[in-house]
Amino acid sequence: TVPPAGTTITLTAADTPELNVANPRLWWPNGYGSPELYHLNAVFRVGHDLSDERHLRFGIREITYELSLLDSTGHLRRVDVDPAQAALSGKPLVDETHEGIRETPLGWVASLTAAGEHSPAVHDSADLATQPALLIRVNGVRIAVRGGASGMEDMLKRVSRERLEPFFRLQSEAHMNIIRNWMGQNTEESFYDLADEYGLLVWNDFWDSTQDDNLEPDDSALFLANARDTILRFRNHPSIAVWCGRNEGVPSPAVNEGLIRLIAELDGTRFYSASSNRVNLHDSGPYKYQEPSEYFTHLALGFAVEIGLPSPPTLETFESFLPKADQWPISDDWAYHDWHQGGNGDTAVFMQAMNEQLGPPSSLADFDRKAQLLNYVGHRAVFEGFNAKLWHPNTGRMLWMTQPAWPSTEWQIYSHDYDTHAAFYGVKLASEPVHIQLDLPDHEVAVVNNTISALPRLTVQADVFDLSNRPLGHTTIQLDSAGANAETDVTRLALEDALADNSVVFVKLKLNDASGKLLSENLYWLAAHDWAYRKLNDLAAVNLQASASFDTGDSQSTHERHIRVILSNPSETVALTTKLTLLDGPNGKRILPAYYSDNYVSLLPGEKRTIQIDYPDTPAHPHPVVALRGWNITPDTVAVTP
């Protein structure tokens, strides 16, 4: 019975048995388990008449945060914080006010509040390898946070679930587990619904833009009123992991302290970070092309929320948004699509690397061919470099960006039109659940186990050969176990002699389980000097053998069709970065979205690979074909047979 005058009633597990869930199915981030969801229906009746009802979908999960915080004595403590355990008190455990944020020899950190210093929800951690970085645990498991930012999709906020879902699916298929709602630009319920369904944690910004570069909010009260609405509207979504006050800075005291109070009052179960960089985080950037080996050594260590590099889209996407007269040579029209000539996004270093390593591009098609080679190597290195120092000190690495807000030439792993270029597949490979990699620059072979179970009795194989397919070295190692959620170093390859003659060498890695099943494979092309990579231009053209057929078995969706493509390399030459493109006819348009199990595939002589392509089942594409091209691939078109 509810009396009048705005009474609030509270239902607890003690008086409402329906709120007791025995052995719940837990919500997990992508790659760690299933993102299980529950439904709650609340009905309010006056007498026997329905007055109001609410349907909510939610997930059951525990999320905690490990980070280094100053205590009242000035000591830096590495602690694990469980805000949900203390949520009913309404008192925050972490002090993210201006007074609580301090610079230390390890970087900028926040502090413990008076309540946090003595709370049972705060526990000291003995593992100092990741300090002072933020580390996110879900259901007690450390999450190796991988993902990127999503920008404003439409300025009028007319964004349907149908428009957004392919982006979320692509992010998930690239083995990402977090998406940043940059500047809080996505305000659609479907954004959070899709994050829940695909198991993508959300780093959720509010709307305060870059400190010292942008204006401060004119009306702090209005800002906080909007923040109140946002927290109340979306707090039931299990995907939200972090509320963030400001992009690259700390909000003004009025806004910052207001957000701290609101989150403690209305949520209290999640971490609030006043800043998107620096405070228990790595500073922003870099955003320009870097030598791939630098991602293994000193770039973006700890938890990095923004790291980016040029990432030109496919040739077809370029042709779709640039007028033909402005496609080549590079023109001012490119600048309207983020091809910057200065600042953070200056593309000069990218073009210098292309010119030195592969030779100046002669056309848009030649630019695409060379850019995709750099895309693949660079983006694979971003996340393999993260793997190489996982938990020592790396805890999170997020791209600026995974998804562009409009047709773009950099900072993306897929395009505004859902097309996927080589960057996507470099990221997807480096972030796969079980992965074998070559750490740069020391050439250490390592196994990365992103699962929550140890892998016993593994076989690691490494083969080195030159451009003529001449063997230069072979190594086979039996590995007793690869620990759960960890990187395991296996052996160092001595490649100095192979690289001494200024040639290019290929390194092929394979990882098999005890039964001989292939778990992961990886191919590298390496040279001692940038100019030596130009010898890749001497690779002979390869005519691949290819077939494509519809796959009707084990269909997961009645709204999709599935194509199985079998590629084989009958030549004596490596077939480098074979690009598959699904078209609606021999001279037709691309079918988008299309989801490839792999792409930009490299095949050694005699190798065979099977690739699955999923795409929407519509009458518009009755006779699809698969087009092939690549670094040294003779272009071809393969009809899809029943």
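In what follows, the structure referred to is the one given above.
K.L.:
Which residues make up the overall build of the protein, and what values do they have?
P.N.:
Along the protein, the regular secondary structure elements total 12 helices and 33 strands. Expected size for 642 residues packed as a compact globule is a radius of gyration near 26 Å; at 26 Å, the protein falls within 12% of this value. Taken over the C-alpha atoms alone, the protein extends approximately 80 × 60 × 55 Å along its principal axes. Counting across all 642 residues of the protein, residues that qualify as buried make up 57%. Here the contacts in the protein between residues at least 6 apart in sequence split such that 69% fall between residues at least 24 apart. When the accessible surface of the protein is totalled, it reaches about 26,800 Å², and 52% of it is carbon and sulfur.

K.L.:
Give a description of the pattern of salt bridges that names residues and reports values.
P.N.:
Enumeration according to the criterion identifies 34 salt bridges in this entry. Residue R169 is joined to D614 by a salt bridge in which the shortest nitrogen-to-oxygen separation is 3.4 Å. A residue pair is termed long-range when its members are at least 10 positions apart, and R169 in helix α2 (residues 161-173) and D614 in strand β31 (residues 608-616) qualify at 445 residues. Using a relative accessible area of 11% as the deciding quantity, one classes D614 as buried. For E189, the salt bridge is made with R233, and the minimal N-O distance between the two is 3.5 Å. Of the two residues, E189 sits in helix α3 (residues 189-198) while R233 sits in helix α4 (residues 220-234), which places them 44 residues apart along the sequence.

K.L.:
How would you sum up the nonpolar core? Please name residues and give values.
P.N.:
Among the nonpolar cores identified, the biggest contains 108 residues, and F367, F506, W525 and L536 are the most heavily contacted of them. Element by element, the count of residues in this core is highest for helix α10 (residues 364-388), at 10 residues. Judged by nonpolar contacts, the second largest core, of 70 residues, contains I63, F168, Y192 and V305.

K.L.:
Can you tell me about a nonpolar patch on the surface, naming the residues and giving the values?
P.N.:
Taken together, V2, I9, L11, L19, F44 and V46 make up a surface patch of nonpolar side chains, about 550 Å² in accessible area. Here V2 is to be found in the segment before β1 (38-46). Exposure remark for V2: the relative accessible area of 38% places this residue in the partly exposed category.

K.L.:
An account of α4 is requested, with residue identities and associated values reported.
P.N.:
Between its first and last C-alpha, α4 extends 21 Å over 15 residues, near the 21 Å set by a 1.5 Å rise per residue. Within α4, burial applies to F223, L224, A227, T230, I231 and F234. Each buried residue of α4 lies within a common arc of 115° when the element is viewed along its axis, so the set occupies one face. Buried residues along α4 sit against α3, β14 (201-208), β15 (240-246) and α5 (253-266). Capping of α4 at its N-terminal end is provided by D219; its side-chain oxygen lies 3.2 Å from the backbone amide nitrogen of A221.

K.L.:
Lay out the layout of surface pockets with the relevant residues and their values.
P.N.:
Estimates place the volume of the largest pocket at around 2,700 Å³. Residue assignment for the lining of the largest pocket shows that the elements contributing at least two residues are β1, β2 (49-58), α3, α4 and α5. The element best represented in the lining of the largest pocket is β2, accounting for seven residues. In terms of residue class, the lining of the largest pocket is built from 21 nonpolar, 13 polar and 16 charged. Looking at the lining of the second largest pocket, the elements with two or more residues in it are α11 (422-430), β25 (518-527), β30 (601-603) and β31. At seven residues, β25 tops the list of elements feeding residues into the lining of the second largest pocket. A class-by-class count of the residues in the lining of the second largest pocket yields 11 nonpolar, seven polar and eight charged.

K.L.:
Can you tell me about the environment of A348, naming the residues and giving the values?
P.N.:
Position of A348 relative to the elements: it lies in helix α9 (residues 348-358). Taking the C-alpha atoms as reference, A348 lies 8.7 Å from K288; in sequence the two are 60 residues apart.

K.L.:
A description of empty space enclosed by the protein should follow, citing residues and the corresponding values.
P.N.:
Overall, the coordinates contain two cavities of 30 Å³ or more when judged by the stated rule. In this model, the largest cavity occupies a volume close to 240 Å³. Considering the residues around the largest cavity, the lining is formed by 17 residues, among which P83, P92, L93, V94 and R270 are closest to the centre. Going through the elements one at a time, α5 and β16 (271-275) are the ones with two or more residues in the lining of the largest cavity. Of the residues forming the lining of the largest cavity, the biggest block, three residues, is contributed by α5. In the lining of the largest cavity, the residues fall into 12 nonpolar, two polar and three charged. A volume near 40 Å³ is recorded for the second largest cavity.

K.L.:
Would you mind going over the sheet that holds strand β19 (residues 434-439) in detail, with residue names and values included?
P.N.:
The strand order across the open sheet formed by three strands is β19-β20-β23, and the pairing between neighbours is antiparallel. Both outer strands of the open sheet, β19 and β23 (486-492), are each paired with one neighbouring strand and no more. On average, each strand axis in the sheet is inclined to that of its neighbour by 25°, with strand direction left out of account. For β19 and strand β20 (residues 444-449), the ladder comprises six bridges, and the chain directions are antiparallel. Looking at the pairing, I436 lines up with V447 of β20. Taken strand by strand, α10 contacts β19, β20 and β23, and its axis lies near 95° from that of β19.

K.L.:
Mind laying out the sheet that holds strand β22 (residues 471-482), listing which residues take part and the relevant values?
P.N.:
Spatial ordering of the open sheet is given by β22-β21-β24-β25, a layout of four strands whose pairing is antiparallel. The sheet is open, and its two edges are formed by β22 and β25, each paired on a single side. Taken pair by pair, the neighbouring strands of this sheet meet at an average axis angle of 15°, ignoring direction. In this structure, strand β24 (residues 504-512) lies alongside β25, joined through nine bridges in antiparallel fashion. Residue pairing for β25: K508 is matched across the bridge by L523.

Analysis parameters
- Residues numbered from 1 in each chain as written.
- Predicted model: local features only at pLDDT ≥ 70, side-chain atom pairs only at ≥ 80, totals over all residues.
- Heavy atoms only, no water.
- Helix = DSSP H or I, 4+ residues; strand = E, 2+ residues; numbered from the N terminus.
- Rg over C-alpha atoms; globule rule 2.2 N^0.38 Å.
- Buried < 20%, exposed > 50% of the residue type's maximum accessible area, 1.4 Å probe, protein only.
- Contact = heavy atoms within 4.5 Å.
- Areas by Shrake-Rupley, 256 points an atom, 1.4 Å probe, with all protein chains shown as cover.
- Salt bridge = Lys/Arg side-chain N within 4 Å of Asp/Glu carboxyl O.
- Core = buried A, V, L, I, M, F, W, Y, C linked by side-chain atoms within 4.5 Å.
- Patch = residues over 30% accessible without salt bridge, like charges linked within 9 Å, V, L, I, M, F, W, Y side chains within 5 Å.
- Expected span 1.5 Å × (residues − 1).
- Arc of directions from axis to C-beta.
- Polar contact = N/O pair within 3.5 Å; in protein donor to acceptor, adjacent residues only side chain to side chain.
- 1 Å grid on protein atoms, 1.4 Å probe; cavity = no way out; pocket = protein on both sides within 12 Å on 5 of 7 lines; lining within 4 Å.
- Points joined across faces, edges and corners; volume = space filled by probe spheres on them.
- Nonpolar A, V, L, I, M, F, W, Y, C, P; charged D, E, K, R; others polar.
- Pairing = 2+ DSSP bridges.
- Axes fitted to C-alpha atoms, helices over the stretch in contact; angles between N-to-C directions.

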